[in-house]
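# Close look at the chain arrangement
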Amino acid sequence: MSAESELLAAVPDGLFIGGEWVPAAAGGTLEVRDPSTGEVIRTIADADATDGARALDAAVAAQGEWAATPPRQRAEILRRTWELLQEHADDLALLMTLEMGKPLAEARGEVAYGGEFLRWFSEEAVRIGGRYGVNPEGTGRMIVTQRPVGPCYLITPWNFPLAMATRKIAPALAAGCTVVIKPAELTPLTTLFFATLLQRAGLPAGVVNVVTTSSSAAVSEPIIADPRLRKLSFTGSTAVGRKLIQQSADNVLRTSMELGGNAPFLVFDDADLDAAIDGAMLAKFRNIGQACTAANRFLVHESVADEFTRRITERVQQLRVGRGTEEGVTIGPLIDDRAVDKADALVRDAVDRGARLVTGGERLEGPGTFYAPTVVSDVKAGSDILREEIFGPVVSVVPFRDEDDAVRLANDTEYGLVSYVYTRDLARGQRMIERLETGMMGLNVGVVSNAAAPFGGMKQSGNGREGGFEGIQEYLETKYTLTPNP
Ligand code: NAD
């Protein structure tokens, strides 16, 4: 047996409910494919609404005891899971490469990043606060306490199969909440494998439940409608997030929404161009361009736009496309055919409206869903590529005239997740922090994600923050009591 098939065989094929691995009640199965070959790599349980309800029952049943478990004990389980994750870093990385396609080196990076949420929130679990004080009038005592919100439903996307799960599970568990998690149907294996680590770390039955399904809406709707559920945390597209917010309205459910992005990458004429090109390659091509934080629009001062385009094109032409498991590959496949069609349609539309295709711009032959690393320059206002997430290896360059023009272009989107700014002028950098409508900003850096920082967006990129001191607050309820002076 090859290492790949041995690892795949080690992934449970059941649903994880109440501490047990069980088949779907109706016996449904779901095929998971390797996007670099199109081949089925594993068949697992396909849950329906009955399974979803059982998973929520298990989370509800475990809630009281888990909330009463001393924070230090909850922290230690998270910490042990982090240690097990280090032991299995290669397994998790390979699994992500197989089911999602990212190059192995990047998958290892995701294991490190995703693992940090376990370590960070193991440290936060013991710092859940409260306060006690005299009210301003001096007539009484104010007591503020925090408690877990209760059972949570977590929905994650396919692009970061491990990190999107740990970024939600870790703070929820640290806060004392139990969860049902539903990974994306395209990449469920990583979450299933991760659940075995939680189990080995000593997590009590029912605290984390995993449902894998090809019927996301049918399974999710009744869970969201159930009044025992107290919180929904979603990472995915704005279109689906909007629907889930509507469904959450009936029970006035607490929600955290990590939605789409349309990140501007601003290069001013005073930027260090070497650093800007390095940052641009990271911000654009990490995860094959399939990141909510991916630079979507390169806004470059007109005096350096040609040089920027020439230099980034040289770098793009050096990228190596292939299966993520192969040594030296830097660009894997896109997740599926739809993703390839979308990237291609956006490039065609930009060119039809007058942009210059500098390199790439085509689907690559062979099995798997590959798209050539692409650069389009002089992209015209009104092009779809400036409005929609590309989610593929495509650089689109738009020249700007001056700072006001740059800010206007950067903010001209319904999204507001992350922005990147390259300038050597500190005052200009500070002005950008104030003027850009963005939840996060990379100032002379191309990647901002960090477990210790509040990750999240404004406008239609969502609400709530994951990571940092803020991350655990999403899973805590604040209670205030007033008593007379003693
Ligand atoms: P998606 O919205 O299609 O799916 C996300 C998840 O929602 C999946 O688990 C999917 O099965 C589930 N889902 C789909 N329809 C549903 C429904 N009607 N009811 C309940 N669940 C449903 O998004 P995707 O294609 O998996 O992921 C890509 C998107 O995620 C991009 O828009 C990207 O920007 C965004 N994203 C955001 C962040 C962030 O932190 N802001 C991080 C990663 C990805």
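Residues numbered from 1 in each chain as written. Predicted model: local features only at pLDDT ≥ 70, side-chain atom pairs only at ≥ 80, totals over all residues.

An unreviewed UniProt entry lists the protein under the name Succinate-semialdehyde dehydrogenase/glutarate-semialdehyde dehydrogenase, from Diaminobutyricimonas aerilata. Here is the UniProt Sequence similarities (unreviewed entry) comment for the protein, exactly as written: "Belongs to the aldehyde dehydrogenase family." (UniProt positions renumbered as here; feature names shortened; annotations may be inferred.)

### With respect to the overall build of the protein
Along the backbone of the protein there are 15 helices and 20 strands. At 23 Å, the protein has a C-alpha radius of gyration in line with the 23 Å of a compact globule built from 486 residues. A principal-axis box enclosing the C-alpha atoms of the protein has dimensions of 70 × 70 × 40 Å. Out of the 486 residues belonging to the protein, those deemed buried represent 52%. By sequence separation, contacts in the protein at least 24 residues apart represent 72% of the contacts at least 6 residues apart. (Helix = DSSP H or I, 4+ residues; strand = E, 2+ residues; numbered from the N terminus. Rg over C-alpha atoms; globule rule 2.2 N^0.38 Å. Buried ≥ 20, exposed ≤ 12 C-beta atoms within 10 Å, placed from the backbone. Contact = placed C-beta atoms within 7 Å.)

### Notes on the pairing of strand β16 (residues 394-400)
Within β16, seven of the seven residues are buried, which leaves it mostly tucked inside the rest of the structure. By the alternation rule, side chains of β16 split into Val394, Ser396, Val398 and Phe400 and Val395, Val397 and Pro399, which are all buried. Examined bridge by bridge, strand β13 (residues 295-301) and β16 share four bridges and lie parallel to one another. Bridge pairing in β16 links Val300 to Pro399. (Pairing = 2+ DSSP bridges.)

### Description of unusual backbone geometry
Within the chain, Phe391 stands out as a residue other than glycine whose phi angle is a positive 55°. Of note, the phi angle at Lys459 is positive, near 50°, even though the residue is not glycine. Tracing the sequence through the fold places Lys459 in the loop between β18 (440-443) and β19 (462-463). Lys459 sits in the partly exposed class, given 18 other C-beta atoms within 10 Å.

### What about helix α4 (residues 89-100)?
Counted at 1.5 Å a residue, the expected span for α4 with its twelve residues is 16 Å, and the 16 Å between its end C-alpha atoms agrees. Among the twelve residues that make up α4, nine are buried, leaving the element largely enclosed by the rest of the structure. Those residues of α4 that sit buried are Leu92, Ala93, Leu94, Leu95, Met96, Thr97, Leu98, Glu99 and Met100. The first or second residue beyond α4 is Gly101, which carries a positive phi of 105°. (Expected span 1.5 Å × (residues − 1).)

### Thoughts on the site of the ligand
Residues in close proximity to the ligand total 27 residues, the closest being Pro157, Gly236, Ser237, Glu258 and Cys292. Sorting the residues of the shell around the ligand by element identifies α8 (216-225) and α9 (238-249) as the ones contributing at least two each. For the shell around the ligand, the element with the highest residue contribution is α8, accounting for three residues. In terms of residue class, the shell around the ligand is built from eleven nonpolar, eleven polar and five charged. (Near = placed C-beta within 6 Å. Nonpolar A, V, L, I, M, F, W, Y, C, P; charged D, E, K, R; others polar.)

### Observations regarding the UniProt feature "active site" (unreviewed entry) in the protein
Under the local residue numbering, the UniProt record ascribes the feature "active site" (unreviewed entry) to Glu258. By the C-beta count within 10 Å, which is 27 here, Glu258 ends up buried. Other than its neighbours up to four places away in sequence, Glu258 contacts Phe234, Thr235, Gly456, Gly462 and Glu466.

### Topic: the UniProt feature "domain: Aldehyde dehydrogenase" (unreviewed entry) in the protein
When the UniProt feature table is mapped onto this chain numbering, "domain: Aldehyde dehydrogenase" (unreviewed entry) sits at residues 21-480. The annotated region residues 21-480 carries 40% helix and 20% strand content, and the separation between its end C-alpha atoms amounts to 41 Å.

### What about the sheet that holds strand β15 (residues 374-377)?
Pairing is mixed across the open sheet formed by seven strands, whose spatial order is β14-β15-β16-β13-β12-β17-β18. If you trace the sheet from one side to the other, it starts and ends with β14 (356-359) and β18, each paired once. The mean inter-strand angle of the sheet, taken between neighbouring strand axes irrespective of direction, is 20°. In this structure, β14 lies alongside β15, joined through three bridges in antiparallel fashion. Considered in β15, the bridge of Thr359 is made with Val375. (Axes fitted to C-alpha atoms, helices over the stretch in contact; angles between N-to-C directions.)

### Looking at the pairing of strand β17 (residues 418-422)
Buried residues dominate β17, accounting for five of its five residues. Burial of the side chains of β17 extends over both faces: Val418, Tyr420 and Tyr422 are buried on one face and Ser419 and Val421 on the other. Relative to β17, strand β12 (residues 263-267) is paired through three bridges, and the arrangement is parallel. Within the sheet, the bridge partner assigned to Val267 lies in β17 and is Tyr422. Judged from the four bridges that link them, β17 and β18 form a sheet pairing that is parallel. Each bridged residue has a counterpart across the sheet, and for Val421 the counterpart in β18 is Leu443.

### With respect to the sheet that holds strand β6 (residues 140-148)
Ordered in space as β5-β6-β20, the three strands form an open sheet in which the pairing is antiparallel. Of all strands in the sheet, those bounded by a partner on one side alone are β5 (131-134) and β20 (476-484). Strand-to-strand twist across the sheet, computed as the mean angle between neighbouring axes with direction ignored, equals 15°.

### Describing helix α10 (residues 273-285)
Along its 13 residues, α10 runs 18 Å from first to last C-alpha, staying within 8% of the 18 Å computed at 1.5 Å per residue. Within α10 the residues assigned to the buried category are Ala276, Ile277, Gly279, Ala280, Ala283, Lys284 and Phe285. Here the buried face of α10 lies against β12, β13, α11 (305-317), β16 and β17. Just downstream of α10, Asn287 is the residue with a positive phi angle, here 60°.

### Structural notes on the domain arrangement of the protein
Split by domain assignment, the protein resolves into domain 1 (3-259 + 461-480) and domain 2 (263-443). On a C-alpha basis, the centres of domain 1 and domain 2 stand 31 Å from each other. Every contact between the two is made by 15 residues of domain 1 and, on the other side, 22 residues of domain 2. Put simply, the parts of the chain that give the side of domain 1 that touches domain 2 at least two residues each are α4 and α5 (104-124). Looking at the side of domain 1 that touches domain 2, its residues break down into six nonpolar, seven polar and two charged. (Domains from an automatic or database assignment.)

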